[in-house]
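# Notes for the structure review
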Amino acid sequence: MTDNTKEIKISVRNLVEFIMRSGDLDNTHSGKNEVEAMHAGSRIHRKLQRQMGADYTAEVPLSITLPITYDDVSFNLTVDGRADGILINELIKDDDFSVLISPEEDNDKPEIIIDEIKGLYMDLSHLTEPISVHRAQAMCYAYIYAVKYQHSRIGIQLTYCNLETENLKYFEEDFSLQELSEWFDNLIREYAKWAVWQMKWVRKRDEEINNLDFPFPYREGQKELVTGVYKTILRKKKLFIEAPTGVGKTISTVFPTVKAMGMGIVNKIFYLTAKTITRTVAEDTFHLLLEHGLCMKVTTITAKEKVCVLEKPDCNPISCPRAKGHYDRVNDAVYDLLTCENKISRDLILDYADKHCVCPFEMSLDVTLWSDVLICDYNYAFDPNVYLRRFFMNDRQEDYVFLVDEAHNLVDRAREMYSAILLKDDFLIVKRLLKNSNPKLTKLLDQCNKDLLKLKRECDDFLVLAEIDGFNMHLMGLMTEYETFLQEYKRDEGKEELIKLYLDVRHFLSIYEILDDNYTIYTDYDESGRFRIKLQCMDPSRNLMKCYEKGRSAVLFSATLLPIRYYMEQLGGKKEDYAVYAPSSFDKENRLIMVGSDVSTKYTRRNKREYNKILEYIKEFTSLRTGNYLVFFPSYQMMQSIYDLAEGEIEGLVIQGNSMTEEEREFFLEEFVEEPKVSRVAFCVMGGIFSEGIDLKSSRLIGAIVVGPGLPMVCNERELFRGYFDAKNNQGFDYAYLYQGMNKVLQSAGRVIRTNEDRGAILLLDERFLQPQYYQLFPKEWFPFEAVNLDSMTDKLAAFWNKNQKADS
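Notes on the structure in this doc start here.

Let us look at the overall build of the protein chain. What the protein chain contains, in helices and strands, is 27 helices and 25 strands. Compactness check: the protein chain gives a C-alpha radius of gyration of 30 Å against a globular reference of 28 Å for 809 residues, within 12% of the reference. For the protein chain, the spread of C-alpha atoms along the principal axes amounts to about 105 × 70 × 50 Å. Each of the 809 residues in the protein chain was classed as buried or not, and the buried ones make up 56%. Long-range pairs, those at least 24 residues apart, make up 78% of the contacts in the protein chain between residues at least 6 apart in sequence. When the accessible surface of the protein chain is totalled, it reaches about 35,900 Å², and 48% of it is carbon and sulfur. Positive and negative side-chain charges in the protein chain, numbering 102 and 128 respectively, have mean positions lying 4 Å apart.

This part is about the environment of Arg13. Position of Arg13 relative to the elements: it lies in helix α1 (residues 12-19). Taking C-alpha positions, Arg13 is 8.8 Å from Ala136, a pair spaced 123 residues apart along the chain.

A separate point is helix α4 (residues 177-210). Residues spaced three or four apart along an α-helix face the same direction, because each turn holds 3.6 residues. The end-to-end C-alpha distance of α4 is 46 Å, a good match for the 50 Å that 34 residues give at a rise of 1.5 Å each. Helix geometry: α4 is bent most strongly at Ala192, by close to 30°.

Here we come to the nonpolar core. Phe382, Phe402, Leu410, Phe427, Leu475, Ile533 and Leu571 are the most contacted members of the largest nonpolar core, which has 123 residues in total. Ranked by the residues each element gives to this core, the list is headed by helix α25 (residues 732-749), at nine residues. Once residues lying within four places of it in the same chain are set aside, the contact partners of Phe402 are Phe270, Leu272, Ala381, Phe392, Cys547, Tyr548, Gly551, Ser553, Ala554 and Val555. Counting 70 residues, the second largest nonpolar core, distinct from the first, contains Ile68, Leu127, Ala333 and Leu338.

Attention now goes to the environment of Lys249. Inspection of the secondary structure assignment puts Lys249 in helix α6 (residues 249-262). Looking at Lys249, the relative accessible area reads 14%, which means it is buried. Placed 37 residues apart in sequence, Lys249 and Leu212 show a C-alpha to C-alpha distance of 18 Å. With residues near it in sequence (within four places) discarded, Lys249 still touches Ala243, Phe557, Ser558 and Ala559.

The interhelical angle for the contact between helix α15 (residues 424-434) and helix α16 (residues 439-458), taken along N-to-C directions, is 155°, at an axis separation of 9 Å. The angle between α15 and α16 falls in the class roughly antiparallel. Our pair here, α15 against α16, has a crossing hand that is left-handed. Here α15 contributes Lys424, Phe427, Leu428, Val430, Lys431 and Leu434 to the contact with α16, which in turn contributes Leu441, Thr442, Leu445, Asp446, Cys448, Asn449, Leu452, Leu453 and Lys456. When its residues are assigned to classes, the contact of α15 with α16 shows nine nonpolar, two polar and four charged.

This paragraph deals with the packing of aromatic side chains. Tallying each qualifying case throughout the model produces 48 aromatic pairs. Judged by centre distance (5.3 Å) and plane angle (70°), the rings of Phe778 and Phe785 are edge-to-face. The pair formed by Phe778 and Phe785 is uniform in burial state, with each residue classed as buried. In textbook terms, an aromatic cluster arises when at least three aromatic residues are bridged by ring pairs, as seen for Phe270, Phe382, Tyr387, Phe391, Phe392, Tyr400, Phe402 and Tyr548. Of note, Lys193 hangs over the ring of Tyr335, and the distance from its end group to the ring centre comes to 4.5 Å. One cation-aromatic arrangement involves Arg680 over Phe672; the distance from NZ or CZ to the ring centre is 5.0 Å.

Attention now goes to a negative patch on the surface. Residues Glu662, Glu663, Glu664, Glu666, Glu670 and Glu671 make up a contiguous surface patch of negative charge. On the basis of relative accessibility, which here comes to 52%, the residue Glu670 falls in the exposed class.

The next point concerns the pattern of salt bridges. Under the definition given, this model contains 42 salt bridges. Close ionic contact of Asp366 with Arg21 constitutes a salt bridge, the shortest N to O distance being 3.0 Å. Of this pair, Asp366 sits in helix α11 (residues 360-368) while Arg21 sits in the loop between α1 and α2 (34-50); the two residues are 345 residues apart in sequence, bridging distant segments of the chain. Arg205 serves as the salt-bridge partner of Asp206, at 3.0 Å between the closest nitrogen and oxygen. The pair Asp206 / Arg205 is uniform in exposure class, with both members buried. A single salt-bridge network, built from bridges that share partners, covers Arg21, Asp366 and Arg390.

It is worth spelling out α1 at this point. Among all positions in α1, only Val12, Leu15, Val16, Phe18 and Ile19 are buried. Looking straight down α1, one finds its buried side chains confined to an arc of 165°; they lie on one side. Looking at the buried side of α1, the elements it contacts are β1 (6-11), β3 (73-88), α3 (132-149), α4 and α9 (326-340).

Let's shift gears to the sheet that holds strand β12 (residues 400-404). Strand pairing in a sheet takes place through backbone hydrogen bonds and is either antiparallel or parallel in direction. Spatial strand order, β10-β9-β11-β8-β12-β17-β7-β18: eight strands in an open sheet with parallel pairing. Every interior strand has two partners, whereas the edge strands, β10 (343-344) and β18 (578-581), have only one.

About the criteria used
- Residues numbered from 1 in each chain as written.
- Predicted model: local features only at pLDDT ≥ 70, side-chain atom pairs only at ≥ 80, totals over all residues.
- Heavy atoms only, no water.
- Helix = DSSP H or I, 4+ residues; strand = E, 2+ residues; numbered from the N terminus.
- Rg over C-alpha atoms; globule rule 2.2 N^0.38 Å.
- Buried < 20%, exposed > 50% of the residue type's maximum accessible area, 1.4 Å probe, protein only.
- Contact = heavy atoms within 4.5 Å.
- Areas by Shrake-Rupley, 256 points an atom, 1.4 Å probe, with all protein chains shown as cover.
- Lys, Arg positive; Asp, Glu negative; His and termini not counted.
- Charge placed at Lys NZ, Arg CZ, Asp CG, Glu CD.
- Expected span 1.5 Å × (residues − 1).
- Bend = angle between axes of the 7 residues up to and from the residue.
- Core = buried A, V, L, I, M, F, W, Y, C linked by side-chain atoms within 4.5 Å.
- Axes fitted to C-alpha atoms, helices over the stretch in contact; angles between N-to-C directions.
- Parallel < 35°, antiparallel > 145°, perpendicular 65-115°, else oblique.
- Left-handed = near helix turned anticlockwise from the far one by under 90°.
- Nonpolar A, V, L, I, M, F, W, Y, C, P; charged D, E, K, R; others polar.
- Phe/Tyr/Trp six-rings, centres within 6.5 Å; stacked < 30°, edge-to-face > 60°.
- Lys NZ or Arg CZ within 6 Å of the ring centre and 35° of its normal.
- Patch = residues over 30% accessible without salt bridge, like charges linked within 9 Å, V, L, I, M, F, W, Y side chains within 5 Å.
- Salt bridge = Lys/Arg side-chain N within 4 Å of Asp/Glu carboxyl O.
- Arc of directions from axis to C-beta.
- Pairing = 2+ DSSP bridges.

Read these as geometric descriptors, not functional statements.
The structure is reproduced here in structure tokens:
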């Protein structure tokens, strides 16, 4: 082999899980939480390994490198892993685990046995044979060991342990080296097809990337931003970018990351978003680069519910014909797609899944293994229940880059992901469903319900708890029996409620495992009066940091990442990480920003008189020029109250619906036409579906009014955050109320002025905006702004429109 022979490395686990999968997709046998099982399994591994005695060696690293030639392509393939244990049958062994005395002919059992330990939550009496991929892992290790130490025969042992009862079950088997060689050669031959395809693809991809130029003339400051992203990736840091609309932050983060991939610095890009609209922007950006000659496999992951061929996902061969034999066909489906397509959209996934009769969602996840870019929701990288285990299960750092769009949304989303809730009523519902069909499970449910009943009696409205160790122990006991019950439960009646509680308890236990000083435990009542207990993540930074550590670098960006110090702290930034404020390329003369100094939305001043004053501002602001306007309110209640006063007073008045469908949203926005003959004034809610992510350019939107600073309503949970951060840094009000509210203001106002040619006006209605605590959170390009009353606002706005009308003519 020459020195430049390509080296490919794959773990034993990844190899067998990819090639050896077969059979049905079946959610009736997927109750186990792999993350939870991994942590619990690690403990049981260590415990069993310690009990095995002197002839047992635990955690033995094994590796084999093979010269492979396939389809006229040669490469070296290294298959490696760590055997759970190697048992040497009362023989003298050297320090490197090789056998010095070999009396195989005198012993029925092979002298070497490879032990593979697996922790499961299922009742082991239901396990009649080893799971095929587990057996294949043991066989791989057996082959590698037998070749390395020249054994003609070797054994494997599958040790299964129930993670709660610690009951054990063993499966033993032995093989000749010839049998293992033939089996392993077939395994490698099947994998070689994929490896060669990937080698050819990466070579072609990197050549095209290296020839790729930035697709636009650089705007002011944009080249520095692109350079900063590239250097961040090179130095394995995180970068936080506050970039106003129009800077081109998407292309400025995507382009340098793609170039880093072409240089071999990055092997996979995760473009993470919070909403569908920003996923579309990311897709458009990559497609633009593809049109400029880039070759990349770009895959968008769509939620299971949106691509499922059934009315409601039910992944088992009885309910779904595609689930039957899914794993027998899915690799062919993936290979077909990869060799024919680059822009792997939702529609393409659906087409190829239909062609090969497989589940589109599961197929899309398999496609990601071979994709260069994944565009997906935050959940797939950060949520402990949903994240892509195929990329993030092991502790090894990979050359991944996380591009986190609209990163201001990640604070609350992460707090939600790392929190857990249990409702007392859910235990009673499941208990009633059982109807004494399972006395043991009923008793365990009753015990947990009694624990919650006791806590309920102590909680009048809201109660912070110091610890719940006893309740946690009862939940753990419940889970063992619950798992067994679900394995055997075949009826449709109550299935949804049974599975919901099971998943909720499982999540609660997994979050309890990571409880630390960033958490608060409390009980309260939800909007319907139902009693609940919650593990509340107060600060998600530590959990997010662990996720970033799986990759090389992260770039987090938003038009509203202010104050950037707060977001760096909450989103897992370190002192050595970077922060950039990208300058706006917009002409300040094209935008007028005013603050109404004689109006307030404080709760104590929310009355008809104040609402009429707000209405007068809205009428004057929207009457001076025909056009499209958005008016944002801090709550549905205030929006409705002022809408009731405004009906018949304002031309073209419309209001955001309470729970609009996707089609209704699209229609709502389509009515914002260019150069309208009649004004359209839309009342919307701050922080709602129309306050961020929508892109109404040119005359489709010429003005926005933001009513109030958007502070969250005072409630027990908000006050909990306030107290927590007051104790931590004496900034409780800012962290619990101010920053969240002002982010909604900035997002809402940001709907105006989307391009360099746009002209528009923004009116902020609340005297608090004139206080330093509030206006210091304005972006730099908002200064100077105008403090106005109703009369002066009319004069300044009229002058602004007149000036811009002359500029247009």
